[in-house]
Amino acid sequence: GTFFSGVPMFIGSFVFYPVYQYFGTQSALAPLPSTFELWKCLALVKFLSGFTFDVTHRIIHSQRLYKKIHSQHHRFIATMSIAAEFAHPLEGF
């Protein structure tokens, strides 16, 4: 799996590098942010991903969307990780 996704990304990085430069994207040789900045960004991303998941999950449990879309997820009664992936295709967006 990683080979088939990694190789096109690797080749694409060479193809799109001039485009990135044109739009002002920093080089890979640019200085790294401080450790504090990295932890701050990590905490923000963790919070925002949890928050958006919670909000969208509550919305999808509304009467309108539950019957048409989300109920498929709850048909799987086994408590295993694959149950989280058993969902309507629209839930993947």
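This text goes with the structure placed above it.
Quantities reported herein were computed from a predicted structural model and do not represent experimental measurements.

1. A closer look at the packing of aromatic side chains
- The final tally for this structure, using the stated rule, is 2 aromatic pairs.
- Ring centres of Tyr22 and Phe23 lie 5.1 Å apart, and the angle between their planes is 85°; on these two criteria the pair is classed as edge-to-face.
- According to the relative accessible area criterion, Phe23 is exposed, its value standing at 65%.
- Plain terms: the ring middles of Phe47 and Phe51 are 5.9 Å apart, the flat faces sit at 20° to each other, and that makes the pair stacked. Taken as a pair, Phe47 and Phe51 lie in helix 2 (residues 35-60) at a separation of 4 residues, close to a single helical turn.
- For Phe47, a relative accessible area of 53% corresponds to the exposed category.

2. Notes on the pattern of salt bridges
- Summed over the entire model, instances satisfying the criterion amount to 2 salt bridges.
- Two residues, Glu37 and Lys40, come together in a salt bridge whose shortest N-O distance is 3.4 Å. Within this pair, Glu37 and its partner Lys40 are both found in helix 2, separated by 3 residues, close to a single helical turn.
- Relative accessible area serves as the criterion here: at 30%, Glu37 is assigned to the partly exposed category.

What counts, and at which threshold
Residues numbered from 1 in each chain as written. Predicted model: local features only at pLDDT ≥ 70, side-chain atom pairs only at ≥ 80, totals over all residues. Heavy atoms only, no water. Phe/Tyr/Trp six-rings, centres within 6.5 Å; stacked < 30°, edge-to-face > 60°. Buried < 20%, exposed > 50% of the residue type's maximum accessible area, 1.4 Å probe, protein only. Helix = DSSP H or I, 4+ residues; strand = E, 2+ residues; numbered from the N terminus. Salt bridge = Lys/Arg side-chain N within 4 Å of Asp/Glu carboxyl O.

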